[in-house]
Amino acid sequence: MKKQNPKGIGIYVSQKRDILFIPVLHTKPGFGKSIGYFQSLDWPYGYADIGNIFFRVMDDMKYEPILDGTETITPAFKIITKGKGFSTFQKSRQMIYASFGEGILLQYWYRKTRGFGIDAGDKIIQSRLPYQCTAEEIGQAIDDIYYSINQQHLIGKT
């Protein structure tokens, strides 16, 4: 099966509930790599707003070529933080990662010392959706995952 970009989308939620959508592209060696592209969504918003930006990022990236993996690219987090490191970017954000396979898999990734991820023993919080889902369904799934961790919805009052 031929790889198609994006490999995934990092959905980063700030303490103010603003959301950044940063795609990860496939590389020939097999790892993912982010580029300078991102989309942002300022709070307040609705489920469809979240889903529409998510689908825009998917659509914008689907014709991007598979990267060699050796390119010198300024990643989105460097642009967002005005040149600071990833630890500065990550410290005030939570991450939900969307990966693509049989469908769309959304997973909460925990903040780690260096980046985000899931370790043995971490509670798995995820949702699977078909590619034919609606923008509203994507937004609802992201909100449900966020609520599972924070007991606060992304949608609604502060």
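Residues numbered from 1 in each chain as written. Predicted model: local features only at pLDDT ≥ 70, side-chain atom pairs only at ≥ 80, totals over all residues. Heavy atoms only, no water.

Before going further, it helps to spend a moment on the overall build of the protein chain. Scanning the protein chain from terminus to terminus reveals four helices and eight strands. Seen through its C-alpha atoms, the protein chain measures out along the principal axes to roughly 45 × 35 × 35 Å. Evaluated residue by residue, the protein chain yields a buried proportion of 45% over its 158 residues. Sequence-distant contacts, at least 24 apart, represent 56% of the contacts inside the protein chain between residues at least 6 apart. For the protein chain, the exposed area adds up to about 8,700 Å²; of that, 50% sits on carbon and sulfur atoms. Within the protein chain, the 15 negative side-chain charges are centred at a point lying 9 Å from the centre of the 20 positive side-chain charges. (Helix = DSSP H or I, 4+ residues; strand = E, 2+ residues; numbered from the N terminus. Buried < 20%, exposed > 50% of the residue type's maximum accessible area, 1.4 Å probe, protein only. Contact = heavy atoms within 4.5 Å. Areas by Shrake-Rupley, 256 points an atom, 1.4 Å probe, with all protein chains shown as cover. Lys, Arg positive; Asp, Glu negative; His and termini not counted. Charge placed at Lys NZ, Arg CZ, Asp CG, Glu CD.)

Bringing the nonpolar core into the picture now. With 34 residues, the main nonpolar core has Ile11, Ile19, Phe21, Phe54 and Leu106 as its most contacted residues. Taken together, the elements giving at least two residues each to this core come down to strand S1 (8-14), strand S2 (19-26), helix H1 (47-61), strand S5 (93-100), strand S6 (104-112) and helix H4 (135-150). Setting aside residues up to four positions removed in sequence, Phe21 forms contacts with Ile9, Gly10, Ile11, Phe38, Gln39, Leu41, Ile50, Ile53, Phe54 and Val57. Counting residues in hydrophobic clusters, the runner-up holds eleven residues, among them Leu20, Val24, Met95 and Phe116. (Core = buried A, V, L, I, M, F, W, Y, C linked by side-chain atoms within 4.5 Å.)

What follows is about unusual backbone geometry. When glycine is set aside, most residues are seen to have a negative phi, and most peptide bonds are trans. For the bond running from Asn5 to Pro6, omega is 0 degrees, close enough to zero to count as cis. With respect to the element layout, Pro6 can be found in the segment before S1. Going from Trp43 to Pro44, the amide bond is cis rather than trans, its omega being 5 degrees. For Pro44, the location among the structural elements is in the loop between strand S4 (39-41) and H1. Phi at Arg17 takes a positive value of approximately 75 degrees, unusual for a residue other than glycine. Mapped onto the elements, Arg17 comes out in the loop between S1 and S2.

The quantities given are spatial measurements derived from coordinates; they are silent on function.
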